[in-house]
Amino acid sequence: LYACDADTLVTDVVGDEILGDLVATRHPCFEGRRGTYENNPHSLAYIAPHEGKYYFAGGFYGGKTSEFIKMNQTMYDNIMTDLEHGIMPLWHDESHLNRYFIDHQPTRILSPEYCWAPRWSGNFHCRMLIVQKNAAETNELRK
């Protein structure tokens, strides 16, 4: 099972190179640098300064069904606990996803080409593109 943002456009072949027990995608904005992990030690998404090798994107991740369900249940439980304590991590579910991947090492790490946006700089071939949202159009659809 895999999760991808609803505003994602597949722009090239995506094959079995994405398969693994637990699959994460490196975030294009933080390639080669630490990223903005959750720094509130009261949050269950908290990541200490000495933790984290890659910052992962919440736009595309997955794995074997059992691992995916376990991951999402853990993230849901942690999100709900944070909310009960009035805590909202900096990047919401993506912050919890990064915590999960520190505690449960991904078996497959994909490059940012699987979660790319035209506004980001970098030298990656784009396979999955996050489409620029039109706020006015989105608001019109909500009426």
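Quick note: structure is the one above.
Residues numbered from 1 in each chain as written. Predicted model: local features only at pLDDT ≥ 70, side-chain atom pairs only at ≥ 80, totals over all residues. Heavy atoms only, no water.

Asker: Teacher, can you tell me more about the sheet that holds strand S4 (residues 60-63) here?
Answerer: Strand pairs in the sheet, formed through backbone hydrogen bonds, run parallel or antiparallel to each other. Strand order in this open sheet of 4 strands is S1-S4-S3-S5, and the pairing throughout is mixed. Across the chains shown, the open sheet's two edge strands, defined by having one partner strand only, are strand S1 (2-4) and strand S5 (108-110). Put simply, the sheet's adjacent strands are angled 15° from each other on average, direction ignored. Taken strand by strand, helix H1 (residues 65-84) contacts S1, strand S3 (22-25) and S4, and its axis lies near 125° from that of S4. Contacts from helix H2 (residues 93-103) reach S3 and S4 within the one sheet, and its direction differs from that of S3 by about 130°. (Pairing = 2+ DSSP bridges. Helix = DSSP H or I, 4+ residues; strand = E, 2+ residues; numbered from the N terminus. Axes fitted to C-alpha atoms, helices over the stretch in contact; angles between N-to-C directions. Contact = heavy atoms within 4.5 Å.)

Asker: Would you take a moment to explain the packing of aromatic side chains for this structure?
Answerer: To describe a pair of aromatic rings, you give the distance between the ring centres and the angle between the ring planes. Scanning all chains against the criterion turns up 8 aromatic pairs. Their ring planes at 55° and their centres at 6.0 Å tell us that Tyr54 and Phe56 sit as a pair that is tilted. Under the relative-accessibility criterion, Tyr54 is labelled partly exposed at 29%. By the ring-pair criterion, three or more aromatic residues cluster together here, those being Tyr54, Phe56, Tyr100 and Phe101. (Phe/Tyr/Trp six-rings, centres within 6.5 Å; stacked < 30°, edge-to-face > 60°. Buried < 20%, exposed > 50% of the residue type's maximum accessible area, 1.4 Å probe, protein only.)

Asker: Please clarify how H1 should be interpreted in this entry.
Answerer: One turn of an α-helix holds 3.6 residues; hence residues three or four places apart share an orientation. With 20 residues, H1 extends 28 Å between its outermost C-alpha atoms, agreeing within 8% with the 28 Å of an ideal straight helix rising 1.5 Å per residue. Among the residues making up H1, those that are buried are Phe68, Met71, Met75 and Asp82. The buried residues of H1 all sit within an arc of 65° when viewed along its axis, so they share a single face. Projecting away from the buried face of H1 at angles above 90 degrees are the exposed residues Ser66, Ile69 and Glu84. Against the buried residues of H1 lie S1, S3, S4 and H2. Just downstream of H1, Gly86 is the residue with a positive phi angle, here 70°. (Expected span 1.5 Å × (residues − 1). Arc of directions from axis to C-beta.)

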